[in-house]
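In case you want the letters, here they are:
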Amino acid sequence: KKCEVVEIELSQHEAAARLQKWIAWRAAVCKRRLVANDVLDVDELLQLFRMPPKEKEQLDHCLSFEELTMQMRRPDIQQKATSIVDCLLPIIDIHFASSATSSSKGVDGRSLLTLFLIAIHPFEVIGDDFDGEDGDRCARGTKQLANAAAALLQSFSGLSVFSAPTLTTADFVNISCYHTKSLTLLNWWKQMDLEQLLAGLSKQLQQSWVIYITSSEALQYLTEVTGVDDTSESNAVQDDPLMQLRLRHKASQSGSRSHIKRIRLSLNKLIGSDEGRVVVKEAKIVAKNEIAGTKAVEVLKQEVDEMKGFAQNDAEIIESIMTPDLSSSDVAQDTAGDNKGTTSGVLPEEIASNRNLIHQVLVTDAADFDKLSWDGVDSHLPEISPDQFMSTFLPETNSDDISPDDLPMRVAMNMKLAYFNGVAQEMSTDNYVPVQGLLKELHDKMRTLLPNRQDLHSHINDDDIGYSSCLSDIIRVLNRSGYLLANYLEAPSRAESTRELLGCLEAFNSRNRDGDGDNVPLTIPYEFETEHLFAVASIAFILQKVELCQMDVSNYKFAHQLAPFIHQVGHEYERSHFRKTHGDYGTVPIRELQQMLPSTHAWVRNTVGLFESTDSITMQSNLEQKMDFIKGRGFVDGILFTKQELVLPELFALDIEGINSIRNEARCCVIASAISLHARNIIGSSILKTEVGVVGNNELTSVLRKKHCKRDDLEAEVIAALTSFTTALAERSLSEEECNTLKNHALAVLRGNDPVLKLLDNRIRSYFRYACRWTPDTKSTGERSAPIEMKTGRKVVKGDDDLLARSGVASSKAEFSLAAHKEAKRLGFTFVSSDLIAAGNKARLIISLACSNYDKDILGRLLMAEK
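Residues numbered from 1 in each chain as written. Predicted model: local features only at pLDDT ≥ 70, side-chain atom pairs only at ≥ 80, totals over all residues. Heavy atoms only, no water.

Peer 1: Outline a nonpolar patch on the surface, supporting the account with residue identities and numerical values.
Peer 2: Among the surface-exposed residues, L19, W22 and I23 lie close enough to one another that they form a single nonpolar patch of about 300 Å² accessible area. By secondary structure assignment, the location of I23 is in helix α2 (residues 23-36). (Patch = residues over 30% accessible without salt bridge, like charges linked within 9 Å, V, L, I, M, F, W, Y side chains within 5 Å. Areas by Shrake-Rupley, 256 points an atom, 1.4 Å probe, with all protein chains shown as cover. Salt bridge = Lys/Arg side-chain N within 4 Å of Asp/Glu carboxyl O. Helix = DSSP H or I, 4+ residues; strand = E, 2+ residues; numbered from the N terminus.)

Here is the structure:
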């Protein structure tokens, strides 16, 4: 049978629609477009995105990921990719036949460049997800995406200038298949990445909601417990004993609220506002369930209760200190004899019995209260480093140069070292009981730092100590304890040395574990002979850091709570104690007063002998003028710089150490100034550079302050320091003649034979007279200085200035330092001005306290009796 041909009449539009669906026609259109465009754009892109060869030695012919991304940003490259997509649009766009205006998602030049980049550098674009297990859906999809992108790029190699005319329909079909597959996988990968991003944002939302809800509940509970609203601006908020806890939760609430808002804005951009609102609500529900399951709010309320109890205990201590015991017989007797105030009955026994501590507070400026400590050592002094501490365990090399003053401290140190050496020897015999006792002592002291935080005590566990049967176990327990100390208990400035030792311990323990026995010699840190002694010394260092942390807490409370109060009542305490020791000086006749205080009487008599025509003091002089004479002639010329043998007056019985330090500092400053003056004259420099002056001053004065058993050693070190300083000042090498001249001048100064030294000796007396007579300006701030800076808003965190203001103790240190610096500069002591300011301030505080306590009853009466 012959096939019958059925003729179907189609309209022109229907015929065109059928023709456009014909794959062969689409391929012909693409081929014609490519030939018309000379396919130059394809060649340039293929040159840019060259597939990496299989041979590793030819990998450098491919552009790096960074280079390719920079090239892709170029407008001409994006234009070429768009041109290629337009040429291939009939074969790669499934919507091409249905509408001329619609196109598939991602069918553009930018997506094509992205696929080519994945083909060249899949790891950098899609990560290493496709390198996972085959059973992972994510890994399979990303692996297929990488393979499809590589196949697409390979199929484009036939679109070159020479190959395009010979392309068949099958070639275009391959390009279409690879493009559709890779583009579909790319869109899937983007959607999967979006899902992961949304999951991460949802997790962050949950965490932020937990923080926000718990902080809000804690703030509400704080308001209920204290009765203070955190939105109030009244004084009750400033005096809130739980202010630090309130600030912490307030900051957490504010930070979490801001984070939630930022995530909400991100969700609106990613998935729309309606779906973003749903995600936020779901995260809040999950957070509430988590809070209920972990009982986080109950834990925070328990913390508030503990902190409140701790604050109440502190308040009771301060109240007991600041409330006078009016029933005390001592107070009644002192009040009857002198109406200036109450006395030692106000102070607790442990403080009232420490006269040196109270006196130290009284001769300290309010700005330096934070330097006070219970043991009298400056709390701002740098702590000992692990290297310095470990060196005390090493054999002593220069034990013959021990000063008699350091002998008791050295004996105590040797006893400790002997004990620690004994513990190390026991460890070497596999007896770990002594070192376990040291670790338990360490844990006990760490717990005392947080007596009310039972939840933190669980992290300081003693169970592992009992199971420690080797050196590695001991170091592991010590590392954990040191980590808790450095990260949770110590101040950041103190924790650096602890972390330094912990790093050394961890490195040593890891080498000890990874070593291969006796074949590899193990280097013990800090030059210890045995690893057991190193471990024990490390425990001793951490123990000292814990004790230092305890001392820091005590010193902080002492400086910020007790010192201001002692400064208010300490004057009457000293007068009362002085009466108990020497008698009632205020009511006895002048003859009995002279016999009661013989050293003070002799000092005042010698002071009158120092009277000069420039001293305008008579019988009619007021008390302030008389005290100025005592401060200048009496204290400076009669005590600080006297050349006669003198028994220190009874008034300065507690100032022996302070007066000796002022004398030594003045001597060092005069010598350093004289030597530096000669150095500048030798090299012909009249200007002292600030940086060189600071370094030279530190080096010279440190040598002069150092204790030397032999004069030759002192002279040699001073000459070496002076030569180094002069070389730095001259910025060149010194000649032999200059070195000899410098040496001769230095020896003349050190031996007291230099005329410049005598001149400066007179000037240093003048400086200290000025310092001791100086008084704060009583004029208003507006009359003597520019207007103070205007500050808006309220301070959230209170500083030391607020503490001093609330305590009522005024500070004059800054004003004195400015005036003293000008005076030191005028007298030629610029080189040592900072040291002189500190010494002058100390001298001023000592003599001012004596004049304030005993001006009328003792000093004024003795002075007028001699006149």
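So, next bit.
Peer 1: So what's going on with the packing of helix α19 (residues 433-449) against helix α22 (residues 471-489)? Which residues, and what values?
Peer 2: Contact geometry for α19 and α22: axes closest at 11 Å, N-to-C directions at 15°. Relative to α22, the element α19 is oriented roughly parallel. Where α19 crosses over α22, the two elements pack in a sense that is left-handed. Here V435, L439, L442, H443, M446 and L449 of α19 lie close against α22, whose contacting residues are I474, V477, L478, R480, S481, L484, L485 and L489. Along the lines of polarity and charge, the residues of the contact of α19 with α22 split into eleven nonpolar, two polar and one charged. (Axes fitted to C-alpha atoms, helices over the stretch in contact; angles between N-to-C directions. Parallel < 35°, antiparallel > 145°, perpendicular 65-115°, else oblique. Left-handed = near helix turned anticlockwise from the far one by under 90°. Contact = heavy atoms within 4.5 Å. Nonpolar A, V, L, I, M, F, W, Y, C, P; charged D, E, K, R; others polar.)

Peer 1: Can you lay out the packing of aromatic side chains for me, pointing to particular residues and giving the numbers?
Peer 2: Two aromatic rings, taken as a pair, are described by how far apart their centres are and by the angle between their planes. Applying the stated criterion across every chain yields a total of 19 aromatic pairs. With a centroid separation of 5.4 Å and an interplanar angle of 70°, the aromatic rings of W774 and F816 are classed as edge-to-face. Note that W774 is positioned in the loop between α32 (755-773) and α33 (781-784) and F816 in helix α35 (residues 813-826), a separation of 42 residues in sequence. Among the aromatic residues, ring-to-ring pairing joins F389, F393, Y419, F420, F508, Y526, F528, F534 and F541 into one connected group. (Phe/Tyr/Trp six-rings, centres within 6.5 Å; stacked < 30°, edge-to-face > 60°.)

Peer 1: Residue-level account of helix α36 (residues 833-866), with values.
Peer 2: Because the α-helix completes a turn every 3.6 residues, residues three or four places apart line up on one side. For α36, with 34 residues, the first-to-last C-alpha span of 37 Å runs short of the 50 Å given by 1.5 Å per residue. Maximum bend of α36: about 105°, positioned at D855. (Expected span 1.5 Å × (residues − 1). Bend = angle between axes of the 7 residues up to and from the residue.)

Peer 1: Residue-level account of unusual backbone geometry, with values.
Peer 2: With a phi close to 55°, K295 is a non-glycine residue in the positive phi region. With respect to the helices, strands and loops of the structure, K295 is situated in the loop between α12 (273-294) and α13 (296-322). Assessed through its relative accessible area of 54%, K295 is described here as exposed. Phi is positive for D430, which is not a glycine, with a value near 65°. (Buried < 20%, exposed > 50% of the residue type's maximum accessible area, 1.4 Å probe, protein only.)

Peer 1: Which residues make up the side chain of S215, and what values do they have?
Peer 2: Within the secondary structure, S215 is located in helix α9 (residues 169-226). Contact partners of S215, with chain neighbours within four places excluded, come to H249, S252 and Q253.

Peer 1: Kindly report on the nonpolar core, identifying the contributing residues and their values.
Peer 2: If you look at the biggest cluster of nonpolar residues, it comprises 96 residues, and the most contacted ones within it are F635, L640, F652, F768, F829 and I858. The element that contributes the greatest number of residues to this core is α36, accounting for 16 residues. For F652, the contacting residues outside a window of four places in its chain are W603, F635, I639, I659, I846, I847 and A850. The next biggest cluster of nonpolar side chains, apart from the first, holds 45 residues, and it includes F393, A424, A535 and C549. (Core = buried A, V, L, I, M, F, W, Y, C linked by side-chain atoms within 4.5 Å.)

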